[in-house]
Each structure stands twice: as structure tokens, then as C-alpha cells.
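# Residue-level structure breakdown
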Amino acid sequence: TDHKKTEKTIILASPRGFCAGVDRAIKIVEVALEKFGRPVYVRHEIVHNKRVVNDLTAKGAVFVKELDEVPSGCPVIFSAHGVARAVHQTAEDLNMIAIDATCPLVTKVHIEASKHVRQGRHILLIGHEGHPEVIGTMGQVEASEITLIETVEDAIAIQPPEDFELAFATQTTLSADETAEIITVLQHRFPEIRGPKGEDICYATTNRQNAVKAMAEDVDLCLVIGAQNSSNSKRLVETALNAGIAKAELIADSNMLPYELIDDAAIIGLTAGASAPEILI
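A brief report on the enclosed structure follows. (Residues numbered from 1 in each chain as written. Predicted model: local features only at pLDDT ≥ 70, side-chain atom pairs only at ≥ 80, totals over all residues. Heavy atoms only, no water.)

The subject of this paragraph is the nonpolar core. Counting 21 residues, the largest nonpolar core has Val29, Ile46, Val47, Leu56 and Ile77 as its most contacted members. Taken together, the elements giving at least two residues each to this core come down to helix H1 (20–36), strand E2 (40–43) and helix H2 (50–59). If one sorts the elements of this core by residue count, H1 sits on top with 7 residues. Not counting residues up to four positions away in its chain, the partners in contact with Ile46 are Ala25, Val29, Val52, Leu56, Phe63, Ile77, Phe78, Ser79, Ala80, His81 and Ala101. Ala155, Leu166, Ile183 and Val185 belong to the second largest nonpolar core, which has 16 residues in total. (Core = buried A, V, L, I, M, F, W, Y, C linked by side-chain atoms within 4.5 Å. Buried < 20%, exposed > 50% of the residue type's maximum accessible area, 1.4 Å probe, protein only. Helix = DSSP H or I, 4+ residues; strand = E, 2+ residues; numbered from the N terminus. Contact = heavy atoms within 4.5 Å.)

Here it is as C-alpha cells:
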């Protein structure tokens, strides 16, 4: 196709791309490969990025959905998103060499959840159903001890079990704006509800969203490099649109560049989700 040869300005968001938890998880796989040799098994995508997964596969990592796919005696790594207690238990029962690459900020939420339940509270977890982090956090306690809230509508309608004090927690990769609204509803309905001391939303998620907001006035189009199943990357697209950027797209890599949008844009903002390597930028 004949692209218009016009001058474009590109604004790079900072911070962008890899966060500390992702960096750490990838290093854990690399160190395990050095220590144990190939193959090392990883339960679930270590982080939500095809490029990262493919690179580690080439080095000898084998990605599986469940532990029963791991041959006995082989090391298995749990992804950065965290896992339910039952998964740890299964690994222990099968005498597996289990290595936990859960992001410490997710572990913090797990510890809080267990503590709330020990203190007799029912937990309302703000997050997206089916996301591995949410499955892992809900799996820290019994199913009857935690309820998932996905939307403001859920927060308005939820009827938690009576005779329990309440606490809330959130998935770490949501947008602060989106959770603020849900939390406000919950605090209004249940004035006694306990929340985390700080934000559950990790600082890397918030920083990346703020960087997109900061360039909103200047750009016509925001391109977010990230995977379709990456929660924090999708939230960056939403943040861009909510901040008033006319067009925002999630793209996996340079093969997906939306040239028809690029043709119409004079100033393009570029950022990347927390699991996207800088080489893609």
C-alpha cells in the first residue's frame, strides 16, 4: 500500500514495559534452566507475552496448563500471576521441585486475604473473572469466604453473607480510576468494610497509566504494545481513551501496526504493558 510520506512525531511514554515482577519472573526461569538444565516446566505463561514465552521456550522452558503435565522429578515454576493454595499443595504431594515466581505485590494480596479470613471477614475481590491472578487470589481461601466483583453494577447488587465483617482486595493490574468507583460504592454500602493499607494496584500499573494520561493532550493516537490476555495492557488502552486520546490500539508487535490510523495521526504516543520487552518498542 502507498503510505502517505508525512512527518510523524512519536512520543514514548515513560515508564513503560517491563515491571520488576515480570523481570524477576523471567530471571527465575533463566536461573532454573542454568541450575537444572533443560527442560524446566512452567505452569501457565510466565508472563502474558508471546515474545517472552517463545524466547524462554527456545532456551528450554516447557509451558503447561496443569501440574499433571509435568514429569515427576522435574522442576516446575509458578507464573508471576500467582497460584491457588491447592496448586502448592499438589506440588508438595507429588514431591515436585516447585519454584514460585509470583510477583511479591501479588503475594502481598494473598497474605492479606488469608489474614482477613482468619480474622473472620468475608472478602470482596475486585477483579476480572478467569484471569490467572484472580484465580490464584481466590484460591488462597475457601470459595465461600470470597466473592468476586467485576463492575460497579456488581458492587451495587452484591449481597455478601450476613453476620460477617467485610474486607476488600483488588487484582493488581486494574486501573486505579475503575477500582476507585467500585470501592466508593462498597464503602458507601458497607461503611465498616476494611481495605488494604496501601493500594493493591501495583505502582508499576499506576505509573504506566499516569504516563499515558500525561501525554494525552499531545497525541492523536496511542499504541499500546501488549498481549490480548494482558490485563494491565488492556487497561492502558482504556486509560488512553478515558484521558481523551481520540484513538488507542493494543498491538502485539510491529506486524500489527494499524497503518490506516497512523496515516491520520500527526503525533503518536507509544507505550508497552508490564510484560512487553523493550525490543518490541
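Right, picking up where we left off after that structure.
Right, let's get into unusual backbone geometry. With omega at 0°, the peptide bond leading from Ser14 into Pro15 counts as cis. Within the fold, Pro15 resides in the loop between strand E1 (9–12) and H1. A cis amide bond links Arg38 with the next residue in sequence, Pro39, at an omega value of -10°. Backbone geometry places Asp163, a non-glycine residue, at a positive phi of 65°. The residue Asp163 is located in the loop between helix H6 (152–157) and strand E8 (165–170) in this model.

This part is about the packing of helix H8 (residues 203–215) against helix H9 (residues 231–242). Look at H8 against H9: their axes get within 9 Å of each other, and the N-to-C directions meet at 30°. The angle between H8 and H9 places the two elements in the roughly parallel class. Judged by the twist between their axes, the crossing of H8 over H9 is right-handed. Within the contact between the two elements, H8 uses Thr205, Arg208, Gln209, Val212 and Lys213 and H9 uses Asn232, Arg235, Leu236, Thr239 and Ala240. Grouping the amino acids of the contact of H8 with H9 by side-chain chemistry returns 3 nonpolar, 4 polar and 3 charged. (Axes fitted to C-alpha atoms, helices over the stretch in contact; angles between N-to-C directions. Parallel < 35°, antiparallel > 145°, perpendicular 65-115°, else oblique. Left-handed = near helix turned anticlockwise from the far one by under 90°. Nonpolar A, V, L, I, M, F, W, Y, C, P; charged D, E, K, R; others polar.)

With 4 bridges joining them, strand E4 (residues 75–78) and strand E5 (residues 97–100) adopt parallel strand pairing. When the bridges of E5 are listed, Pro75 appears paired with Ile97. Note that the unit made of E4, helix H3 (residues 85–93) and E5 has a crossover that is right-handed. (Pairing = 2+ DSSP bridges. Right-handed = clockwise from strand over helix to strand, strands pointing away.)

Right, let's talk about the state of the cysteines for a bit. A complete count under the given rule lists 0 disulfides for this structure. Cys19 supplies the cysteine sulfur nearest to Cys103, a cysteine that is in no disulfide, at a spacing of 6.2 Å. A relative accessible area of 14% places Cys103 in the buried class. Among the cysteines around Cys222, which has no disulfide bond, Cys202 carries the closest sulfur, lying 18 Å off. (Disulfide = S-S within 2.5 Å.)

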